[in-house]
Amino acid sequence: MNIKRAIEYAQVALKKAQEENKIDNKQLTAKQLGEIMWLMYYAYDDEQIHTKATNIINSLELKQ
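So, a few notes on the structure that sits alongside this text. (Residues numbered from 1 in each chain as written. Predicted model: local features only at pLDDT ≥ 70, side-chain atom pairs only at ≥ 80, totals over all residues. Heavy atoms only, no water.)

### Comments concerning a nonpolar patch on the surface
Then, number 1: On the surface, W38, Y41 and Y42 cluster together into a nonpolar patch covering about 410 Å² of accessible area.
Then, number 2: Tracing the chain through its elements places W38 in helix α2 (residues 30-43). (Patch = residues over 30% accessible without salt bridge, like charges linked within 9 Å, V, L, I, M, F, W, Y side chains within 5 Å. Areas by Shrake-Rupley, 256 points an atom, 1.4 Å probe, with all protein chains shown as cover. Salt bridge = Lys/Arg side-chain N within 4 Å of Asp/Glu carboxyl O. Helix = DSSP H or I, 4+ residues; strand = E, 2+ residues; numbered from the N terminus.)

Structure follows, in structure tokens:
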């Protein structure tokens, strides 16, 4: 996996972990992020993860 793909998987995993933690009112841990990142790796192919990562980036608000 190249670095760009790794970053895309990490983006999607981070978003998923944040959503789960918001429901449970918990803090994000590195272990949780790593586990979810590998789950994303096995659950999605490269094109799906690229699309999801692109959607996350496009939905971010720019703050000044």
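### Looking at the packing of helix α1 (residues 3-24) against α2
Then, number 1: It is at 8 Å that the axes of α1 and α2 come closest, and there the two elements cross at 120°. The orientation of α1 with respect to α2, classified from their angle, is oblique. Regarding α1 and α2, the two cross each other, and that crossing is right-handed. Contacts from A6, Y9, A10, V12, A13, L14, K16, A17, E20 and N21 of α1 reach α2 at Q32, L33, I36, M37, M40 and Y41.
Then, number 2: Taken together, the residues of the contact of α1 with α2 sort by class into 12 nonpolar, 2 polar and 2 charged. (Axes fitted to C-alpha atoms, helices over the stretch in contact; angles between N-to-C directions. Parallel < 35°, antiparallel > 145°, perpendicular 65-115°, else oblique. Left-handed = near helix turned anticlockwise from the far one by under 90°. Contact = heavy atoms within 4.5 Å. Nonpolar A, V, L, I, M, F, W, Y, C, P; charged D, E, K, R; others polar.)

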